[in-house]
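Observations on chain architecture
Each chain, written out:
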Amino acid sequence: MKQEIIIAGFGGQGVLSMGKILAYSGVMQGLEVTWMPSYGPEMRGGTANVTVILSDRRISSPIVHEFDTAVVLNQQSMDKFEPQVKPGGILIYDPNGITRHPERKDISIYRIGATAHAAKAGNPRVFNMVVLGALIQVSPNVTLENAYKGLAKSLPERVHKTLPANEAAIRTGMELVETAQVVPGLATGEAPANAVIR
Amino acid sequence: MEEVRLMKGNEVLAEAAIRCGCDGYFGYPITPQSEVLETLMELKPWETTGMVVLQAESEIAAINMLYGGAATGKRVMTSSSSPGISLMSEGLSYLAGAELPCVVVNVQRGGPGLGTIQPSQSDYFQATKAPGHGGFRMIVLAPFSVQEMHDFVGLAFDLAFKYRTPVMILSDGVIGQMMEKVVLGPQQPRWTDEYIAETCMDWALTGKKGRGRNIVTSVDLDPNSHERFNLKLQAKYRNIEENEVRYETVRTDDAEYLLVAYGSAARIGEKVVEMAREEGYRLGLLRPVTLYPFPTGPIEVLSRQVKGILALEMSAGQLIEDVKLASQCRVPAYHYGRTGGVVPSPGEVYEAFKAHFPK
């Protein structure tokens, strides 16, 4: 098993911490992992992305230019990373703020209304955990239990009182994710039960 | 079972320094290695091991603080990125001239000048040939993983004291910023004053009770005597070249072609080997772990086996010169690299390889 994942969005959306929690979940699962951020002048409002690789073998390059899975959280990231998903790969996106929806016919596409949910729930800080839930639903290379462990490992102890809210957000993401299209290929997960295949 | 943690290369440098019993860290923040100082400040080792952590007013001050600490036999360390390392050149030369041990980490970024903050490997010449004036050498270790960022701190201190020389860990923004699994070593005690006085008796300034006077200096105005000192340094370097070469090979046993790359480029190189093997190319990788001393012998041997060599480096071509010298240009050897902070993709390197060595 090897999954090369890009998570991309605005700085401040929790892209890097979502990647870290995913990577730590991989560690808890006994996998090899790498987490490589785009570091730079990005701040709140700029773009930020992180490459996470999960593998059951030694990982060579932490830097790759095509991905099994892309998690896209704004339009710039859609423009940049939709073309970089491997044929048969997975694209998960939050439709909020997306003006051009994905057009590829050769990849599986899922939507997660994480922004809308976080706004409705009045807790924007769990936005990224809703997205993580969507990812592990459609691509369950880490178990929910290990995701919880990865979450606890990633957050400093002084904020561990937020663990239940974050865990709930992961479960919400798993339930909310919608299937836009499924193609045969790299998709390692089952389409969610509520999937509407169009 | 040992605890496996997920950490950035830069954070691990800080943890490793504390755990291997470092006495003092002196540094000045610069991207992409600011997490070293940040992590040390968070961990507050002065409350546990007694290690001193100090943010100097500049890199020039930091390297001279190393000189002071090292002169007393303390295990001292700094880290910076390319422009900051240039500022340390004079101090490094003085440390080498005074035969003082210390550990200097360069988490390279793109140059020249202030350049960019993105990863680069364009300080290879600086690190391996002339870190400062006067014809000295430093042992240069090139980690290619977060675990090696950890392991090489202790190794660097061991080598620095074994040979009484500055040792550089030459990393880059990829390895510094990346998170991977790491197993941290146990906490080693710091050396006691008594231990230092005993083991560094010949040279360290520990108070001269019970021994003759030690003088730490790099100045010697008599050319004949200074030539004798230079010859002694050169003998030390030959000793290092003979005993401290470190390298790793991947699938070179049956290799028809050889990729040579260090640090983060070697990670990309490993992926290129995987891609090439899938298409039937018998490609292997040699990764120099010490850049000085350079694995000249192993490359010389492999150059008798392979049909061609590609040196991969995030520079306009520096490593390639040592590869050509080592292989004595017996087979065609080419360079591929990107500059200015651009990290090459495994795919583009593979295309370059195929263009040079078509089936």
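In this text, all values refer to a predicted model and were calculated from it rather than measured experimentally.

About the criteria used
- Residues numbered from 1 in each chain as written.
- Chains lettered and ligands numbered in written order.
- Predicted model: local features only at pLDDT ≥ 70, side-chain atom pairs only at ≥ 80, totals over all residues.
- Heavy atoms only, no water.
- Domains from an automatic or database assignment.
- Contact = heavy atoms within 4.5 Å.
- Buried area = accessible area lost by both parts, 1.4 Å probe.
- Salt bridge = Lys/Arg side-chain N within 4 Å of Asp/Glu carboxyl O.
- Helix = DSSP H or I, 4+ residues; strand = E, 2+ residues; numbered from the N terminus.
- Buried < 20%, exposed > 50% of the residue type's maximum accessible area, 1.4 Å probe, protein only.
- Core = buried A, V, L, I, M, F, W, Y, C linked by side-chain atoms within 4.5 Å.
- Polar contact = N/O pair within 3.5 Å; in protein donor to acceptor, adjacent residues only side chain to side chain.
- Nonpolar A, V, L, I, M, F, W, Y, C, P; charged D, E, K, R; others polar.
- Pairing = 2+ DSSP bridges.

Let's shift gears to the domain arrangement of chain B. All names here are of chain B. Taken domain by domain, chain B consists of domain 1 (4–193) and domain 2 (247–356). Relative to domain 2, the C-alpha centre of domain 1 lies at a distance of 27 Å. With 30 residues of domain 1 at the contact, the number on the domain 2 side is 27 residues. When domain 1 packs against domain 2, close to 2200 Å² is buried across both sides, 56% of that on carbon and sulfur atoms. Between the two partners, domain 1 and domain 2, sit three salt bridges. For Glu 148, the salt bridge identified is with Arg 287, shortest N-O distance 2.9 Å.

This part covers the side chain of Glu35(B). Residues and elements named next belong to chain B. You can see Glu 35 is positioned in helix H2 (residues 34–43). According to the relative accessible area criterion, Glu 35 is buried, its value standing at 15%. Excluding residues within four positions of it along the chain, Glu 35 makes contact with Lys 8, Asn 10, Glu 11 and Gln 177.

Turning to the nonpolar core, a few remarks are in order. Counting residues in each nonpolar core, the largest one holds 121 residues, and the members touching the most others are Met77(B), Leu100(B) and Val104(B). Sorting elements by how many residues they give to this core places helix H7 (residues 146–163) of chain B first, with eleven residues. For this core, the two domains that each supply at least three residues are domain 1 (4–193) and domain 2 (247–356) of chain B. In this structure Leu100(B) touches Tyr67(B), Ala70(B), Ala71(B), Leu95(B), Arg164(B), Thr165(B), Pro166(B), Trp203(B) and Val216(B), once residues within four positions along its chain are discounted. Membership of the second largest hydrophobic core comes to 45 residues, among which are Phe127(A), Ala134(A), Ile136(A) and Val138(A).

Glancing now at the interface of chain B and chain A. In this complex, chain B contributes 29 residues to the contact, which on the side of chain A involves 26 residues. At the junction of chain B with chain A, the criterion picks out five salt bridges. In this structure, the salt-bridge partner of Glu248(B) is Arg58(A), at a minimum N-O distance of 3.7 Å. For the pair chain B and chain A, the interface holds ten residue pairs in polar contact (both at pLDDT 80 or more). When contributions to the side of chain B that touches chain A are tallied by element, the ones reaching two or more residues are strand E1 (4–8), helix H8 (173–177), strand E8 (179–183), strand E9 (247–250) and helix H11 (263–278) of chain B. If one sorts the elements of the side of chain B that touches chain A by residue count, H11(B) sits on top with five residues. Of the residues assigned to the side of chain B that touches chain A, the class counts are 14 nonpolar, five polar and ten charged. Inspection of the sheet shows strand E2 (residues 32–37) of chain A paired to E8(B) by two bridges, in the antiparallel sense. If you follow Thr34(A) over to E8(B), its bridge partner there is Glu180(B).

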